[in-house]
Amino acid sequence: MAPPKVDFSSVGWGSVEWTNLVTLYLRAYDSRSRKPILGDRAAAEAVDRIDYDFKRIHRTSLPATNQYLVVLRAEQFDDWCADFLRRHSDVVVLHLGCGLDSRPYRLAVPASALWFDLDQPGVIDLRRRLYDEADNYRMIGSSVTDPGWLQRIPAGRPALVVAEGLLMYLAEGDVRQLLTRLTDRFEHGEMLFDTTSPLGPRLSKIFTKGIVKWGIGDVRDIERWNPRLRFREQTSALASYQHIEAAPVRFLYRLLHATPFGDYDVLNRFEY
């Protein structure tokens, strides 16, 4: 017997919750393709359970081309996460700005790990309708800039921090404070996050009402902000375009990768 549908019909178009539904749908769309890149079956199962007008999302999100903006980035972060989890079993994982992402279900997470997903309370309310907490998995509804939530996370373990599609929406001062609070809380670990170029906030004022607040040219400047953070590696969000099966779309992404816009969104790996 199929599980009952989860009613998301009240989620308004253009809201933060709607944006999270779009990215969930794009990951599900990839998982149903002939040769998926991310293969996020949990996302497909979640979409099947949700009562929502996904036909409208399909029309507006253009998944045949735009899915790759989501899945290529997620695939790289998954690879880095998996590498860290292979080397550290007794770990705390913090997924900041988690949205409706199903990363803890995509990865081989050790039973001894503690995983925390954090996002705004409204997003976490939606998330709780889809995913269940467990002894080693918790969800926290809070603004990432509120220092109080971090006290709920146990210290004394290696910490893997993932902030995918998050930091560019914070003011630079908030980014600096967040990174400092994290390195003060945990003795060692890794941080994975993407950043936009300094062009990001300027373009956002023209096209997206200024929602992008922070960009950075040389991400190594973060080492000067916080001497405990050490740059490890960086790659473009479009670097894995060769994984795209459809030749015309692959060619389009290859062109974008070769232009200055290829480095508009870059993925960064730091250790501390």
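Naming follows an unreviewed UniProt entry, where the chain appears as S-adenosyl-L-methionine-dependent methyltransferase of Mycobacterium pseudokansasii.

### Some thoughts on the nonpolar core
Counting residues in each nonpolar core, the largest one holds 33 residues, and the members touching the most others are Leu94, Leu96, Trp149, Ile153, Leu167, Leu182 and Ile222. Contributing elements (two or more residues each) for this core: β3 (92-96), β4 (114-119), β6 (159-163), α7 (172-185), β7 (189-196) and α9 (221-225). The greatest single-element share of this core, amounting to four residues, is contributed by α7. Among all residues touching leucine 94, those that are not within four sequence positions of it are Phe116, Trp149, Leu150, Ile153, Leu160, Val161, Val162, Leu182 and Phe186. Of all hydrophobic cores here, the second largest spans 23 residues; its members include Leu24, Ala28, Ile50 and Leu126.

### Brief notes about the sheet that holds strand β8 (residues 230-236)
Strand order in the open sheet formed by seven strands is β5-β4-β3-β6-β7-β9-β8, and the pairing between neighbours is mixed. Only two strands of the sheet have a single neighbouring strand rather than two, namely β5 (137-141) and β8. Averaged over neighbouring strand pairs, the angle between their axes works out to 15 degrees when direction is ignored. When β7 meets strand β9 (residues 265-271), the two strands line up antiparallel, connected through seven bridges. Opposite phenylalanine 193, over in β9, you have asparagine 268 as the bridge partner.

### Considerations on helix α6 (residues 121-130)
Three or more residues of α6 are buried, namely Val123, Ile124, Leu126, Arg127 and Leu130. Burial along α6 is one-sided: seen end-on, the buried residues are contained in an arc of 160 degrees.

### A word on the state of the cysteines
With the rule as written, the count across this model stands at zero disulfides. Distance from the sulfur of cysteine 81, which forms no disulfide, to the nearest cysteine sulfur (cysteine 98) is 13 Å. Here cysteine 98 falls in the buried class, since its relative accessible area comes to 4%.

### Here's the deal with the pattern of salt bridges
Scanning all chains against the criterion turns up 25 salt bridges. Glutamate 172 is the salt-bridge partner of arginine 176, the closest N and O atoms lying 3.0 Å from each other. Of this pair, arginine 176 and glutamate 172 are both found in helix α7, four residues apart, which corresponds to roughly one turn of the helix. The network of salt bridges with shared partners includes Arg27, Asp40, Arg73, Asp78, Asp101, Arg103, Arg106, Glu164, Asp194 and Asp265.

### Description of the pairing of β3
The side chains of a regular strand alternate between both faces of the sheet. Counting buried residues in β3 gives five out of five residues, a clear majority hidden from the surface. Along β3, one buried face is formed by Val92, Leu94 and Leu96 and the opposite face, lined by Val93 and His95, is buried too. The sheet contact formed by β3 and β4 spans five bridges and is parallel. Along β4, the bridge assignment pairs valine 92 with leucine 114. Where β3 lies against β6, five bridges are found, and the strand directions are parallel. Bridge pairing links histidine 95 to valine 162 in β6.

Criteria and thresholds
Residues numbered from 1 in each chain as written. Predicted model: local features only at pLDDT ≥ 70, side-chain atom pairs only at ≥ 80, totals over all residues. Heavy atoms only, no water. Core = buried A, V, L, I, M, F, W, Y, C linked by side-chain atoms within 4.5 Å. Buried < 20%, exposed > 50% of the residue type's maximum accessible area, 1.4 Å probe, protein only. Helix = DSSP H or I, 4+ residues; strand = E, 2+ residues; numbered from the N terminus. Contact = heavy atoms within 4.5 Å. Pairing = 2+ DSSP bridges. Axes fitted to C-alpha atoms, helices over the stretch in contact; angles between N-to-C directions. Arc of directions from axis to C-beta. Disulfide = S-S within 2.5 Å. Salt bridge = Lys/Arg side-chain N within 4 Å of Asp/Glu carboxyl O.

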